[in-house]
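Listed below, chain by chain, are the residues.
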Amino acid sequence: MGNEVVQPPIIHFDTLDKILGLGRANSLWPMTFGLACCAIEMMATGAARFDLARFGAEVFRPSPRQCDVMIVAGTISKKMEPAVKTLYDQMPEPKWVIAMGNCAISGGPFVFEGQYGIVEGADKFLPVDVYIPGCPPRPEALIEGILELEEKVTGHRRWPRVEAK
Amino acid sequence: MNGLLQQDVNQETFTLNLGPQHPATHGVLRVKLVMDGEYIVEAEPVLGYIHRMHEKMGENRTWVKFLPNCGRMDYLSALSYNHGYVAAVERAAGIEVPERAEYLRVITVELNRISSHLLWFGAFVLDLGGFTPLLYAFDDREFILDLLESVTGSRLTYCYFRFGGVYNDIDDAFIAGTREFIKKQRKRMPMYDALVTKNIILIKRLKEIGPISKDMAIRYGATGPVARGSGINYDVRKNEPYSVYPEFDFDVPVYEEGDSMARYMVRMDEIEQSMRIIEQALDKLPEGDIKPKKAVKLVKPEKGDYYHAVEAARGSFGVRLVSDGTNTAYRLKLRSPTYSNLSLYGEATKGMLLPDALALMGSLDLVIPEIDR
Amino acid sequence: MLLAKIKEALSSLYEDIQETQEAPAADDAAAVEAEATVVEAAAEEETAAIDTAPVAADAAEEAQAKETAPEQEDAEPEEAEEPQAPPGPKETDYKAKGYHLDVDLPPEKIPEAAEILLRENFFIESITGVDWIDEQQLEAVYDFNHFDELCRVVIRTRTDRDNPAIPTISHIYQGANWHERETHDFFGIKFTGHPNLEPLLLPEDADFHPLLKDFKA
Amino acid sequence: MAQQPILDHLYVAAFFLGGLLMAVGPFIIAHLFSPRGTRNITNKTQQAIECGVEPIGDAWIRFGIVYYLYALMFLAFDVDVLFLFPVALAYDTTFAIRDFVEIVIFVGILSLAIIYAWIKGVFKWETKSYNPR
């Protein structure tokens, strides 16, 4: 499965990893991989109003070779599953996976007894790093997910966390 | 050399996957292209990568429980799908809808149609290479999404209609916001016209590209802007009047050329027509309640099958429901417009250049989960 | 009016069915030409439809004259004893049902009906499959509509559930190619003569038919 | 003054080394600092990218001569620009007319190839009609 430990680089020591981590966290290139309704919210996040560019993540690369994050935005059907696996393989390390929306987390509104078509959740076959609930999640939720991933990459959170008053 | 270009396929053809993950397909549509160099010998769309079993769910959920599904089929003009399903069940069960509720339905559906056309406009010009119009179009669209969110509660996958009416009334802020949006959008459209429509690059990319004849539209059942771009004056709101559409005067833009430019122009003119409808609807908005007096508790349509079609942003969306008198559907068929619009893709792109085939696909305005259902 | 023209055009399909109504049902006498077998299948199928549980839409108990029966009466027709009127295209009340003409045909007549409709420039809207499990029958419902004048024609046909087969109309209406593949996906109705009847919406190797009533995931 | 030629050679060697380093450097850095190998599920990492599905058929096929001609024309003008750089540097103000005429002749001859290709219809991309096999 996809969680075997990858060999570390030839030269790696703690401060270097911190510096590289900071660089990677603030320039996450997501893959254009919109499946369904969450893809439209992903596009809205990339557009002018919610502006993912403030966090360095607005470059949506179509080819898996050039991206760091696979944002699974939508329902994964059984016919699409092999394609998702192939795309995940073709992404170079270090790579992360964000499961955006209920469909990618647990199959969402399309889970009913007798369902024959969808895979109930991306974590059935992908090592998911950040889960963003919502159907579809608001663009702010996707941005919070990106910040969550940045915290996971660098170890500390640079942006203030939203507190409910 | 001249003979060389027009010769039949004699060198090897190769198969290219315009696959499920491709920026031009705006979703998970795969097109298997057999290519002769830059020319397409045969294009065969492969569907099913986002088949979400809506029709199977129609059979094991009660009529009311199926409502959230309507917003998740075509999430760009989700309210038209709410309208199609709710109107079909109302026709089957004989439920009356108060006047004000009909007006609210028309206003929100037309706003949703404008937001869908705006997103199509941004994505289509993005396919042809221009990135900036997408940002402008999304900016306008956010305006509509705020308005609709204040009434329906969600941005994209609406579940606003109920059997016999709508569940939330609009307030003055919504009416003022809508009028303000229309004023702002009327100033914005000339800018799109000048910058994009009259842009020589766009005209060169779209004129005479992907011709769809009237006969092809008949054999494939293409409806909506794709048919109106080929000279067919068919708009469900006019040909098969439903709800309160007969009370508004709006005209249906029809272009004869049948190429991608015609389909582009039809959608751009429809934005203006929808704004006219909204203005008239806001002026003539009657008072009254928005739900039937006696709340519709249990929906049990008569035995038999019923059909109801509405004009969604992409064509005529029809709901055929076969009910056996219980409170769940015996069979629920959803006739999706882009399914028929895309079925002519194989015949329309024979011998075409690949970039032109992508321009044609963009002009068909596809939403893949609505095709796969 | 388009509706009348198309109704009369489609009723021409019923001529050969009507002869068998008068002539005693041809049992095993060797059919002279293929037409006879077609007729026999049609007659059998018609009688099966009549004495089974009345399915509201196409219960044909009145004469072919314009059916103005109010809706309830249409729902539970009383068992008509008088000789069976020839089944033909029935006009239905558009306001209540959503379509104008309801035509019940045997499977072999579908291509002919499609040709008639294409000549009148009707476009194909959709093909729906319905699984009547309690009558052990699969029904295919074809929707046709017209661009210039609103006239929705519904053509129904029934095949038995064990080996359902309906001749294809994808050579007449190319749009039906996908509709038929999808109906085959969900119900297993084999459309004879279809160029490539592989799964369209289901995975390539799918051999199950999910919308059948007895489908277990 | 004997060192002058050596000094010049040193300049050239330094420039050459700098260029080589600029070219090969990123590959070395990437190799040293990036993690080795990548996690995969159906080990399709080395597979050619074709939108997530199995590429059908082979890419090494015979294709139309037209595309080869495009490449040839680009190459011709690419080299042509390469020659224009030294000419532009050595543009002598006293014999300006002579140098100018030289450049015009040089570019003119090369553009004949373009005119030839134009007449032959290499630039026309109409829709082809394939009668179904």
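Above this text sits the structure in question.
Residues numbered from 1 in each chain as written. Chains lettered and ligands numbered in written order. Predicted model: local features only at pLDDT ≥ 70, side-chain atom pairs only at ≥ 80, totals over all residues. Heavy atoms only, no water.

1. Quick notes on the overall build of chain C
A count of helices and strands for chain C gives seven helices and seven strands. In sequence order, the secondary structure elements of chain C are arranged as α-α-α-α-β-α-β-α-β-β-β-β-α-β. Going through the 217 residues of chain C one by one, you find that 56% of them count as buried. In chain C, once contacts between residues fewer than 6 apart in sequence are set aside, the share between residues at least 24 apart is 58%. (Helix = DSSP H or I, 4+ residues; strand = E, 2+ residues; numbered from the N terminus. Buried < 20%, exposed > 50% of the residue type's maximum accessible area, 1.4 Å probe, protein only. Contact = heavy atoms within 4.5 Å.)

2. Looking at the sheet that holds strand β5 (residues 153-160) of chain C
All names here are of chain C. With mixed pairing, five strands are arranged side by side in an open sheet as β1-β2-β5-β4-β3. Edge strands, defined here as strands with exactly one partner in the open sheet, are β1 (90-91) and β3 (122-132). Taken together, the two bridges between β1 and strand β2 (residues 101-104) define a ladder with antiparallel strand orientation. Within β2, the position partnered with Lys 90 by the bridge is Asp 102. Against the sheet, helix α6 (residues 110-119) makes contact with β3, β4 (137-146) and β5, and its axis sits at roughly 170 degrees relative to β5, the strand it touches most. Relative to the sheet, helix α7 (residues 176-187) contacts β3 and β4, its axis offset from that of β3 by approximately 10 degrees. (Pairing = 2+ DSSP bridges. Axes fitted to C-alpha atoms, helices over the stretch in contact; angles between N-to-C directions.)

3. Comments concerning the sheet that holds strand β1 (residues 69-73) of chain A
Residue and element names in this part refer to chain A. In spatial order, the strands read β1-β2-β3; together these three strands make up an open sheet with parallel pairing. Edge positions in the sheet fall to β1 and β3 (130-132), since each has one partner strand and no second. Across this sheet, the average inter-strand angle for adjacent strands is 15 degrees, counted without regard to direction. Across three bridges, the pairing between strand β2 (residues 96-100) and β3 is parallel. What sits directly across from Met 100, in β3, is Ile 132. The strands touched by helix α2 (residues 37-46) within the sheet are β1 and β2, with β1 carrying the most contacts at an inclination of about 130 degrees.

4. Focus: the interface of chain C and chain B
The partner chain B presents 46 residues to the 53 residues of chain C that form the contact. Surface buried jointly by chain C and chain B totals about 4,000 Å² across both partners, of which 53% is contributed by carbon and sulfur atoms. When the buried surface of chain C facing chain B is broken down by residue, Phe147(C), Trp178(C) and Leu201(C) rank first, second and third, together holding 20% of it. Scanning the region where chain C abuts chain B turns up six salt bridges. On inspection of chain C and its partner chain B, the count reaches 21 residue pairs in polar contact (both at pLDDT 80 or more). For the side of chain C that touches chain B, the element with the highest residue contribution is β3(C), accounting for 11 residues. Classifying every residue of the side of chain C that touches chain B gives 30 nonpolar, 10 polar and 13 charged. (Buried area = accessible area lost by both parts, 1.4 Å probe. Salt bridge = Lys/Arg side-chain N within 4 Å of Asp/Glu carboxyl O. Polar contact = N/O pair within 3.5 Å; in protein donor to acceptor, adjacent residues only side chain to side chain. Nonpolar A, V, L, I, M, F, W, Y, C, P; charged D, E, K, R; others polar.)

5. Here we look at the nonpolar core
In this structure, Tyr264(B) and Val153(C) are the most contacted members of the largest nonpolar core, which totals 208 residues. Among the elements that take part in this core, helix α5 (residues 99-127) of chain B stands out by supplying 13 residues, more than any other. When residues no more than four places from it in sequence are discounted, the contact partners of Tyr264(B) are Trp120(B), Phe121(B), Phe124(B), Val196(B), Thr197(B), Leu202(B) and Leu206(B). Judged by nonpolar contacts, the second largest core, of 22 residues, contains Trp96(A), Leu142(A), Ile143(A) and Leu147(A). (Core = buried A, V, L, I, M, F, W, Y, C linked by side-chain atoms within 4.5 Å.)

6. Here we look at helix α12 (residues 260-283) of chain B
Compared with the 34 Å implied by 1.5 Å per residue over 24 residues, the 35 Å span of α12(B) between its first and last C-alpha is a close match. Here α12(B) lies mainly inside the structure; 19 of its 24 residues are buried. (Expected span 1.5 Å × (residues − 1).)

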